[in-house]
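These are the residues of each chain, in order.
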Protein chains: 2
Amino acid sequence: MPAKKNNTPVEPTIKDIPKLYNILTDEEKEYLLDNHTTIHYKKNDIIYQEGEKPTGLLCLGEGKVKIFKEGVSRRDQIIRMATAPDFIGYRALFAEEMHIASSEVIEPSTIFHVPKKVIYNLMKTNPALSMAFIKSFASELGFARYRTVTLTQKHIRGRLAESLCVLKDIYGFEEDQQTLAVYLSREDLANFSNMTTSNAIRTLSSFVNEKVLAVNGRVIKILDSDTLHRISRLG
Amino acid sequence: MPAKKNNTPVEPTIKDIPKLYNILTDEEKEYLLDNHTTIHYKKNDIIYQEGEKPTGLLCLGEGKVKIFKEGVSRRDQIIRMATAPDFIGYRALFAEEMHIASSEVIEPSTIFHVPKKVIYNLMKTNPALSMAFIKSFASELGFARYRTVTLTQKHIRGRLAESLCVLKDIYGFEEDQQTLAVYLSREDLANFSNMTTSNAIRTLSSFVNEKVLAVNGRVIKILDSDTLHRISRLG
DNA sequence: AAATTTGTATGTTATATAACATAGTTTTAT
DNA sequence: ATAAAACTATGTTATATAACATACAAATTT
């Protein structure tokens, strides 16, 4: 196993997905441990693609992935940024539909694949597990609706500011408590904020001029969090 | 009980919510029948408002309601149009959050209120019920994401055309197989399509000129469904 | 190391749509 | 019945943002 540059000490296991593992009985835990596979992905790998059929529950044990939908005229829209220990691709699984979005790795990731049959069996015996998925769905749906309104109604500055706040909530800061702990291209930032890449670059630059951010390549420091939130709030 | 002008013959009961009632055991059915209330609403009534705390599961037994979020600058956005026998307000219930949207009656409606405790008890004993909610959530989340992309990326004509197609899917046609079986103000149509009222009126007029629609007040006839779908698809 | 590709930066122009204005029409309230 | 309010219609103007263009920088490939 290669040495890690970050401070994650050990290889993650499916035990690191608490909202799945922790609510199981000992017997169920054993069943899960015996019936899942671990897959490692490197940056830019595609985990699944729009139109494919889900085969099981995917749990992000480590890493960062983006989930995006192909837009009307080839302009992608990032609908979700996931982090460990999130479930991914489970909407299509439970809806019994094809994936309506694709999933691409942003940072080297470890994924646990629990076959559909296995997860359904667990849900039959454990009501708390179903409840956990219901909770996940309810909160994702809330977020999706909130975003629909803001992405359609806020102006560019508000949208980008909001996206940065959301990224901060999801990934947090590095040790300096300023640097966003996710490193996206301007294009990804644009696709997450519903704007063109040019406008993401431009707006980022004006935030730097206004001393709200400091930007160096993909490294974004939030210097004035209050102002950033205010810009986001006012639209 | 007043005579009905439409062909719904009888007062609905909670037995008319199949995805809830039909999956229960006899014992559970009795428990549900004994532990819910029926509320009648008239047009323009508010069922619940953004910020309120849900107290139970609401099932729309009859009628039509709109669910909308207050936008950034007082511009409402209709995020869902519901019809019997839909669940409403259940996202906030299961997320254990305040409502993030408001619900207003479009057509006289009958709603069954199942106290939170009761629905949770039923879910504990009946895994199929949880599964039904998971399915509901998964399909709503899919729709929400699809709409986020189209409302942000399609042009006005495409957005309005899509909204009309969606309304057709939800409410269907009247007996003539042409007239949309829901009668919305231009403002509601606009708020459902992410545009100003003026632009909804204007675009509706151009669809009439193009013989795609026939419009008389709030009565909308879809004359050329293929073209309408094409306009929606091309954005 | 050179060449190619990909990403970033910034200026200019075009355009879709909001904002505003006015008026006619229908519905609701007094 | 009349007044008031809400809704619909259409024309004009303003503006936010996309589209396009060019250049430079960084990363990747040969």
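Residues numbered from 1 in each chain as written. Chains lettered and ligands numbered in written order. Predicted model: local features only at pLDDT ≥ 70, side-chain atom pairs only at ≥ 80, totals over all residues. Heavy atoms only, no water.

As recorded in an unreviewed UniProt entry, chain A goes by Crp/Fnr family transcriptional regulator and comes from Carboxylicivirga mesophila.

## Brief notes about the pairing of strand S3 (residues 56-69) of chain B
It is a general feature of regular strands that their side chains alternate between the two faces of the sheet. Residue and element names in this part refer to chain B. S3 sits mainly inside the fold: 14 of its 14 residues count as buried. In terms of strand pairing, S3 meets strand S5 (residues 87-88) through two bridges, oriented antiparallel. From the neighbouring strand, Cys59 faces S5, where its bridge partner is Phe87. When S3 meets strand S4 (residues 77-83), the two strands line up antiparallel, connected through six bridges. Across the sheet, the residue bridging to Lys66 is Met81, located in S4. (Buried < 20%, exposed > 50% of the residue type's maximum accessible area, 1.4 Å probe, protein only. Helix = DSSP H or I, 4+ residues; strand = E, 2+ residues; numbered from the N terminus. Pairing = 2+ DSSP bridges.)

## Re helix H6 (residues 156-171) of chain B
At 3.6 residues per turn, the α-helix brings residues three or four places apart onto the same side. All names here are of chain B. In this model, H6 (16 residues) spans 22 Å end to end at C-alpha, consistent with the 22 Å of a helix rising 1.5 Å per residue. Every buried residue of H6 is listed here: Gly158, Arg159, Leu160, Ala161, Glu162, Ser163, Leu164, Cys165, Val166, Leu167 and Tyr171. Phi turns positive one or two residues past the end of H6, at Gly172, with a value near 70 degrees. (Expected span 1.5 Å × (residues − 1).)

## With respect to the protein's contact with DNA strand D
Taken together, 16 residues lie around DNA strand D, and His155(A), Ile156(A), Asn199(A), Arg186(B) and Arg202(B) are the ones closest in. One of the backbone nitrogen or oxygen atoms of Ile156(A) is found 3.1 Å away from a phosphate oxygen of DNA strand D. Contact between DNA strand D and Arg202(B): a base nitrogen at 3.0 Å from a side-chain N or O atom of the residue. Contributing elements (two or more residues each) for the surface near DNA strand D: helix H6 (156-171) and helix H8 (197-209) of chain A together with helix H8 (197-209) of chain B. (Near = heavy atom within 4 Å. Polar contact = N/O pair within 3.5 Å; in protein donor to acceptor, adjacent residues only side chain to side chain.)

## Regarding the packing of H6(B) against helix H9 (residues 225-234) of chain B
Residue and element names in this part refer to chain B. For the pair H6 and H9, interaxial distance at closest approach is 7 Å and the crossing angle is 125 degrees. As judged from the angle between their axes, H6 and H9 are oblique. Considering how the two elements wind past one another, H6 and H9 form a crossing that is left-handed. Contact residues: H6 offers Arg157, Gly158, Ala161, Glu162, Leu164 and Cys165, while H9 offers Leu228, His229, Ile231 and Ser232. Of the residues assigned to the contact of H6 with H9, the class counts are five nonpolar, three polar and two charged. (Axes fitted to C-alpha atoms, helices over the stretch in contact; angles between N-to-C directions. Parallel < 35°, antiparallel > 145°, perpendicular 65-115°, else oblique. Left-handed = near helix turned anticlockwise from the far one by under 90°. Contact = heavy atoms within 4.5 Å. Nonpolar A, V, L, I, M, F, W, Y, C, P; charged D, E, K, R; others polar.)

## Remarks on the UniProt feature "domain: HTH crp-type" (unreviewed entry) in chain A
Residues annotated by UniProt as "domain: HTH crp-type" (unreviewed entry) correspond here to residues 154-226 of chain A. Here residues 154-226 of chain A is 53% helix and 11% strand, with 18 Å between the C-alpha atoms at its ends. (UniProt positions renumbered as here; feature names shortened; annotations may be inferred.)

## Overview of the confidence of the model for chain A
When pLDDT is averaged along chain A, the result is 94; 96% of the residues meet or exceed 70. Across residues 1-8 of chain A the pLDDT falls below 50, and counting only partners more than four positions away or on other chains, this stretch makes six contacts in the model. (pLDDT = per-residue confidence, 0-100.)

## Some thoughts on the packing of helix H5 (residues 127-153) of chain B against H6(B)
When two helices pack together, their arrangement is captured by the angle between the axes and the distance separating the axes. Residues and elements named next belong to chain B. One way to put it is that H5 packs onto H6 with a least axis distance of 10 Å and a crossing angle of 155 degrees. One way to sum up the angle between H5 and H6 is to call them roughly antiparallel. In this structure, H5 crosses over H6, and the sense of that crossing is left-handed. On the side of H5, the interface is formed by Phe143, Tyr146, Arg147, Thr150 and Leu151, while H6 contributes Arg159, Glu162, Ser163 and Val166. Taken together, the residues of the contact of H5 with H6 sort by class into four nonpolar, two polar and three charged.

## Observations concerning the nonpolar core
Counting 56 residues, the largest nonpolar core has Phe94(A), Ile119(A), Phe94(B) and Ile119(B) as the members making the most contacts within it. Residues within four places of Phe94(A) in sequence aside, it is in contact with Tyr120(A), Met123(A), Phe133(A), Phe137(A), Met131(B), Ile134(B), Lys135(B) and Ala138(B). (Core = buried A, V, L, I, M, F, W, Y, C linked by side-chain atoms within 4.5 Å.)

## Some thoughts on the relation of the copies chain A and chain B
Here chain A sits on chain B after a turn of 180 degrees about the axis and a move of 0.0 Å along it, with an RMSD of 0.0 Å. Classification of the inter-copy transformation places it as that of a two-fold axis. In this assembly the copies share their binding face: 100% of the residues contributing to the interface of chain A also contribute to that of chain B. (Least-squares fit on C-alpha atoms with pLDDT ≥ 70 in both.)

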